[in-house]
Amino acid sequence: MKRDFLIVFSMFLTLTIGYFMNTPSIELDTHNVRTVTVKAGDTVWGIASQYANDHIDIREMVHAVSTLNKLDETASLEPGRTLKIPTVKTQNDKVFSEYVAQNE
């Protein structure tokens, strides 16, 4: 009985550690931004949802766009205004680029 528990626990621990080692950490890069020109009818939420991916909470992207562009909750977007949009980077992208840089 105790041996079975140890085997099951060891398998669980191995799978859990493996999952967290291979899951990329997602972060927004507020230094490497792209610019978007606002069109009529655009909202911060709509623009943020175009540039977010499945691994990031859209609310985090909306907050980052609002912060980068110094928008408050009551700000309306006027057509023609340029907004800064943070890029989404993963830890795996960083590791890959560091690997390439070291091996050139």
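Residues numbered from 1 in each chain as written. Predicted model: local features only at pLDDT ≥ 70, side-chain atom pairs only at ≥ 80, totals over all residues. Heavy atoms only, no water.

J.: It is not clear to me how the overall build of the chain should be interpreted in this structure. Could you clarify?
T.: Each helix and strand in the chain was counted, giving 4 helices and 2 strands. Mapped from its N terminus to its C terminus, the chain presents α and β elements in the order α-β-α-α-β-α. Taking all 104 residues of the chain together, the buried fraction comes to 21%. Of the contacts formed within the chain by residues at least 6 apart in sequence, a portion of 67% connects residues at least 24 apart. When the accessible area of the chain is evaluated, it comes to approximately 8,200 Å², of which 56% is carbon and sulfur surface. (Helix = DSSP H or I, 4+ residues; strand = E, 2+ residues; numbered from the N terminus. Buried < 20%, exposed > 50% of the residue type's maximum accessible area, 1.4 Å probe, protein only. Contact = heavy atoms within 4.5 Å. Areas by Shrake-Rupley, 256 points an atom, 1.4 Å probe, with all protein chains shown as cover.)

J.: Mind showing me how you'd approach the nonpolar core here?
T.: The tendency in soluble globular proteins is for nonpolar side chains to be buried side by side. With 16 residues, the main nonpolar core has I47, L77 and L83 as its most contacted residues. Among the elements of the structure, β1 (26–37), α2 (44–51), α3 (58–68) and β2 (82–90) are those that each provide at least two residues to this core. With 5 residues, the single largest contributor to this core is α3. (Core = buried A, V, L, I, M, F, W, Y, C linked by side-chain atoms within 4.5 Å.)

J.: Whenever I open this one, α3 confuses me. Can you help?
T.: Helical geometry note: an α-helix holds 3.6 residues per turn, so side chains three or four residues apart project in the same direction. Residues of α3 that are buried include every one of I58, M61, V62, A64, V65 and S66, and no others. Of the residues one or two after α3, K70 is the one with positive phi, at around 55°.

J.: Can you walk me through unusual backbone geometry in this structure?
T.: Glycine aside, negative phi is the norm for most residues, and most peptide bonds take the trans geometry. In this structure, K70 is a non-glycine residue whose phi angle is positive, near 55°. With respect to the helices and strands, K70 occurs in the loop between α3 and β2. Residue class for K70 comes out exposed when judged on its relative accessible area of 77%.

J.: Sorry, what's going on with the side chain of D29 here?
T.: Relative to the helices and strands, D29 is located in strand β1. Classification of D29 by relative accessible area gives buried; the value is 14%. There is a polar contact of 3.1 Å between the side chain of D29 and the backbone nitrogen of H31. Engagement of the side chain of D29 in a polar contact is seen with the backbone nitrogen of N32, the distance being 3.2 Å. Other than its neighbours up to four places away in sequence, D29 contacts P86, T87 and K89. (Polar contact = N/O pair within 3.5 Å; in protein donor to acceptor, adjacent residues only side chain to side chain.)

J.: I keep staring at the environment of T37 and nothing clicks. Help me out?
T.: Summarising the element assignment, T37 is placed in strand β1. Taking C-alpha positions, T37 is 5.6 Å from G80, a pair spaced 43 residues apart along the chain. Those residues in contact with T37 that lie beyond four places of it in its chain are D42, G80, R81 and T82.

J.: Where do I start with the confidence of the model for the chain in this structure?
T.: A low pLDDT means the predicted coordinates there should not be read in detail. Per-residue pLDDT for the chain averages 78, and the proportion of residues at 70 or more is 77%. Per-element mean pLDDT across the chain ranges from 51 in helix α4 (residues 91–102) up to 90 in α2. (pLDDT = per-residue confidence, 0-100.)

J.: What exactly am I supposed to notice about the side chain of T87 here?
T.: You can see T87 is positioned in strand β2. Owing to a relative accessible area of 12%, T87 belongs among the buried residues under this scheme. If we skip the residues at most four places from it in the chain, T87 touches E27, L28, D29, N32 and R34.

J.: Honestly, α2 in this entry has me stumped. Any pointers?
T.: For α2, the set of buried residues is V44, I47 and A48. The arc that holds every buried residue of α2, seen down its axis, measures 100°, which confines them to one face. (Arc of directions from axis to C-beta.)

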